[in-house]
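For reference, the chains in residue letters:
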Amino acid sequence: MRKYLAAIGQIDTTDGWEHCMTTAERFVDEAASAGAKLIAFPENFSQYSGGHTPAEPLENSPTLDRMARKAKEHGIWILCGSIFAPAPDGRSYNTSILLNPEGERVGRYEKLHLFDVTLPSGDTRRESKHVCPGDHMTVADTELGKLGMSVCYDVRFPELYRHMAIAGAQILLVPAMFSQETGRSHWETLVRARAIENTCYVIAPNQFGGRFGAWGQSMIVDPWGRILAEIPEGEGLALAEIDLDRLDEVRTSLPCLANRRSDVYGDI
């Protein structure tokens, strides 16, 4: 499929799991009615953002089961931005799941880079207290193109996205929960940079609101770095066209991947 509509759903998780799920289901209905073939949701899209949420076993996850039913109902791809899944050491994996139109899980990625920081405001975050890092990249080969999976803080590590681009990724998925502070200063710049430097589409749904004041500004960016769709704030849905022929044109006119000097600095 060389050309299709993709959607992003921006969710405020403050009001709990049932609100998140009914909102996500409504956005799937609306996206499918508009002709979208893919809808992407933010990091922890079904879970209250005010604190750590108990993990859902992947084999019996109420969140994934409800999304799978919607995928099958509409014949649509769904990126379940991330949920917490049990890790062997008692912590959780921050896990992103890609569902195909039959509701099958065809892509799984555990967040590699954990948000252990002290912000300029003095606010300290230690994601590693509750979350175990993953140990692999995921590029899902689908009828929509090759989709490189990541989560939130990963977007600050360009080497991950270059790895995925070299592995064939055409569309980079960045579900996130960027805060107001970091979102205001860095979110748009980082998302557009990952698109430009790798000549990829980037689909970046971000949470809005919640206890941590998630920034929002979910967006879809093309390989030239243009913002094709954006949700500045609040809950909402936006759509944009993904055109893989356009991607090929950009890669032909600006062959950055082909012009790499791996003989000098190594083959990532």
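All figures in this text were calculated on a predicted structure; none of them were measured in a lab.

This next bit is on the sheet that holds strand β3 (residues 77-86). Taken in spatial order, the six strands of this open sheet run β5-β4-β3-β2-β1-β16, and their pairing is mixed. Looking at strand neighbours, the two that pair on one side only are β5 (105-110) and β16 (236-243), the edges of this open sheet. Pairwise comparison of adjacent strand axes, ignoring direction, gives a mean angle of 25° for this sheet. Sheet topology places strand β1 (residues 3-10) next to β16; eight bridges connect them, and they run antiparallel. Directly across from G9, in β16, lies its bridge partner L237. Along the sheet face, helix α2 (residues 62-74) touches β3, β4 (92-99) and β5 and points at about 170° away from the line of β3.

A separate point is helix α4 (residues 180-198). In a regular helix each residue adds 1.5 Å, so 19 residues correspond to 27 Å; α4 covers 26 Å between its end C-alpha atoms and thus fits that length. Maximal helix bending in α4 amounts to about 55°, located at H186. Considered for burial, the residues of α4 that qualify are T182, G183, W187, L190, V191, R194, A195 and N198. Of the surrounding elements, those touching the buried residues of α4 are α3 (158-166), β10 (171-173), β11 (201-204), β13 (214-215), β14 (218-221) and α5 (244-253).

Right, let's talk about the pairing of strand β9 (residues 145-149) for a bit. Among the five residues in β9, four count as buried, and that is most of the element. In this sheet, β9 lies alongside strand β8 (residues 139-142) in antiparallel orientation, the contact comprising four bridges. Residue pairing for β9: T142 is matched across the bridge by G145. Hairpin connection between β8 and β9: a loop of two residues separates the two successive antiparallel strands. Note that β9 and β10 share three bridges and pair parallel. Bridging from a neighbouring strand, M149 pairs with L173 of β10.

Across the sheet, which stays open at both edges, the six strands sit in the order β8-β9-β10-β11-β14-β15 with mixed pairing between neighbours. Looking at which strands have only one partner, the edges of the open sheet turn out to be β8 and β15 (227-231). Sheet twist, expressed as the mean angle between neighbouring strand axes with direction ignored, is 20°. One ladder, built from three bridges, connects β10 with β11; its direction is parallel. Bridged to I171 within β11 is Y201.

Where α3 contacts α4, the two axes come as close as 10 Å, and the packing angle between them is 40°. Considering how the two elements wind past one another, α3 and α4 form a crossing that is right-handed. For the pair formed by α3 and α4, the contact residues are P158, Y161, R162 and A165 on the first element and R194, E197 and N198 on the second. Residues that form the contact of α3 with α4 fall into these classes: three nonpolar, one polar and three charged.

Moving on: the environment of E110. By the element assignment, E110 lies in strand β5. Take E110: its relative accessible area is 5%, and that puts it in the buried class. Residues E110 and I97, 13 residues apart in the sequence, show an inter-C-alpha distance of 9.0 Å. The residues touching E110, leaving out its near neighbours within four places in the chain, are Y93, N94, T95, G134 and H136. At 2.6 Å, the side chain of E110 forms a polar contact with the side chain of R108.

Right, let's get into the nonpolar core. One finds L98, I171, W187, V202, I203, I220 and I242 to be the most contacted residues of the largest nonpolar core, which totals 47 residues. In contact with I203, not counting residues within four places along its chain, are A6, I8, L38, A40, I171, L172, L173, V174, M219, I220 and I242. Listed in part, the 24 residues of the second largest apolar core include A71, C80, I83 and I97.

Attention now moves to unusual backbone geometry. Its identity is not glycine, yet N44 carries a phi of approximately 50°, on the positive side. Secondary-structure assignment places N44 in the loop between β2 (36-40) and α2. Residue N44 is classed as buried on the basis of its relative accessible area of 7%. For Q217, which is not glycine, the phi dihedral falls at a positive 55°. Since its relative accessible area comes to 8%, Q217 is described here as buried.

What counts, and at which threshold
Residues numbered from 1 in each chain as written. Predicted model: local features only at pLDDT ≥ 70, side-chain atom pairs only at ≥ 80, totals over all residues. Heavy atoms only, no water. Pairing = 2+ DSSP bridges. Helix = DSSP H or I, 4+ residues; strand = E, 2+ residues; numbered from the N terminus. Axes fitted to C-alpha atoms, helices over the stretch in contact; angles between N-to-C directions. Contact = heavy atoms within 4.5 Å. Expected span 1.5 Å × (residues − 1). Bend = angle between axes of the 7 residues up to and from the residue. Buried < 20%, exposed > 50% of the residue type's maximum accessible area, 1.4 Å probe, protein only. Left-handed = near helix turned anticlockwise from the far one by under 90°. Nonpolar A, V, L, I, M, F, W, Y, C, P; charged D, E, K, R; others polar. Polar contact = N/O pair within 3.5 Å; in protein donor to acceptor, adjacent residues only side chain to side chain. Core = buried A, V, L, I, M, F, W, Y, C linked by side-chain atoms within 4.5 Å.

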